[in-house]
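Examining the three-dimensional arrangement
Listed below are the residues making up each chain.
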Amino acid sequence: VQLQASGGGLVQAGVSLRLSCVGSGRALSNHVTAWFRQAPGKEREFVAAITQGSSTVYGDTLQGRCTISRDNAKNTVFLQMNSLKPEDTAIYFCAARNPAMTVVHRTFRSYAYWGQGTLVTVSS
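Residues numbered from 1 in each chain as written. Predicted model: local features only at pLDDT ≥ 70, side-chain atom pairs only at ≥ 80, totals over all residues. Heavy atoms only, no water.

Scanning the chain from terminus to terminus reveals zero helices and 11 strands. Taken from the N to the C terminus, the helices and strands of the chain come in the order β-β-β-β-β-β-β-β-β-β-β. Taken over C-alpha atoms, the radius of gyration comes to 13 Å for the chain, in line with the 14 Å a tight globule of 124 residues would show. Considered along the principal axes of its C-alpha atoms, the chain spans approximately 40 × 30 × 25 Å. Counting over 124 residues, the chain shows a buried share of 44%. In the form shown here, the chain has an accessible surface area of approximately 6,100 Å², with 48% of it arising from carbon and sulfur atoms. The averaged location of the 6 negative side-chain charges in the chain is 7 Å from the averaged location of its 12 positive side-chain charges. (Helix = DSSP H or I, 4+ residues; strand = E, 2+ residues; numbered from the N terminus. Rg over C-alpha atoms; globule rule 2.2 N^0.38 Å. Buried < 20%, exposed > 50% of the residue type's maximum accessible area, 1.4 Å probe, protein only. Areas by Shrake-Rupley, 256 points an atom, 1.4 Å probe, with all protein chains shown as cover. Lys, Arg positive; Asp, Glu negative; His and termini not counted. Charge placed at Lys NZ, Arg CZ, Asp CG, Glu CD.)

Structure follows, in structure tokens:
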């Protein structure tokens, strides 16, 4: 599966932003799909994931300010982020596990497929 992330940009603190991850080549509903983010000089960290059965798992990064969802008709996974803070500034990546894997892992090494990332910059 190929992944294309989009939706990032320069925004002010407090606003909302929705990121999109469009899949091609295979249905994203066959994969555990996740969002990670990486700020300059920091490790890539887990944000949220959605399973083939649409169960969701969230990390501590956005602390309840995000929602992950999937639109099967559009083969797209979304990350809705609210009340953005300057510390949310990072490149946001979408990633997918091999289709045989059905468990969410919070480590980026568990994901075989990656999109190119979309930059989110939050100004104060």
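Examined against the element boundaries, Val122 turns out to sit in strand 11 (residues 118-123). Along the backbone, Val122 and Ala90 are 32 residues apart, and their C-alpha atoms lie at a distance of 8.8 Å. Residues contacting Val122, with those up to four places away along its chain left out, are Val11, Gln12, Ala13, Leu84, Lys85, Pro86, Asp88 and Thr89. (Contact = heavy atoms within 4.5 Å.)

On to the pattern of salt bridges. For the coordinates displayed, the defined rule picks out three salt bridges. The partner of Arg37 in a salt bridge is Asp88, with the nearest N and O atoms 3.0 Å apart. In this pair, Arg37 is assigned in strand 4 (residues 33-38) and Asp88 in the loop between strand 8 (76-81) and strand 9 (90-96), connecting sequence segments 51 residues apart. Asp88 shares its class with Arg37; the two are buried. A salt bridge links Arg65 to Asp88; the nearest nitrogen and oxygen atoms lie 2.9 Å apart. Pair noted here: Arg65 is in the loop between strand 6 (56-58) and strand 7 (66-71) and Asp88 is in the loop between strand 8 and strand 9, with a separation of 23 residues, a long-range link. Each member of the pair, Arg65 as well as Asp88, carries the same accessibility label: buried. (Salt bridge = Lys/Arg side-chain N within 4 Å of Asp/Glu carboxyl O.)

Once that is clear, we can look at the nonpolar core. The biggest cluster of nonpolar side chains holds 26 residues, and the ones touching the most others in it are Leu19, Trp35, Val47, Leu79, Met81 and Tyr92. When contributions to this core are tallied by element, the ones reaching two or more residues are strand 1 (2-6), strand 3 (17-24), strand 5 (45-50), strand 7, strand 8, strand 9 and strand 11. Looking at this core, the element that brings in the most residues is strand 9, giving four residues. Formed by eight residues, the second largest nonpolar core is a distinct cluster that contains Ala34, Phe46, Val104 and Tyr111. (Core = buried A, V, L, I, M, F, W, Y, C linked by side-chain atoms within 4.5 Å.)

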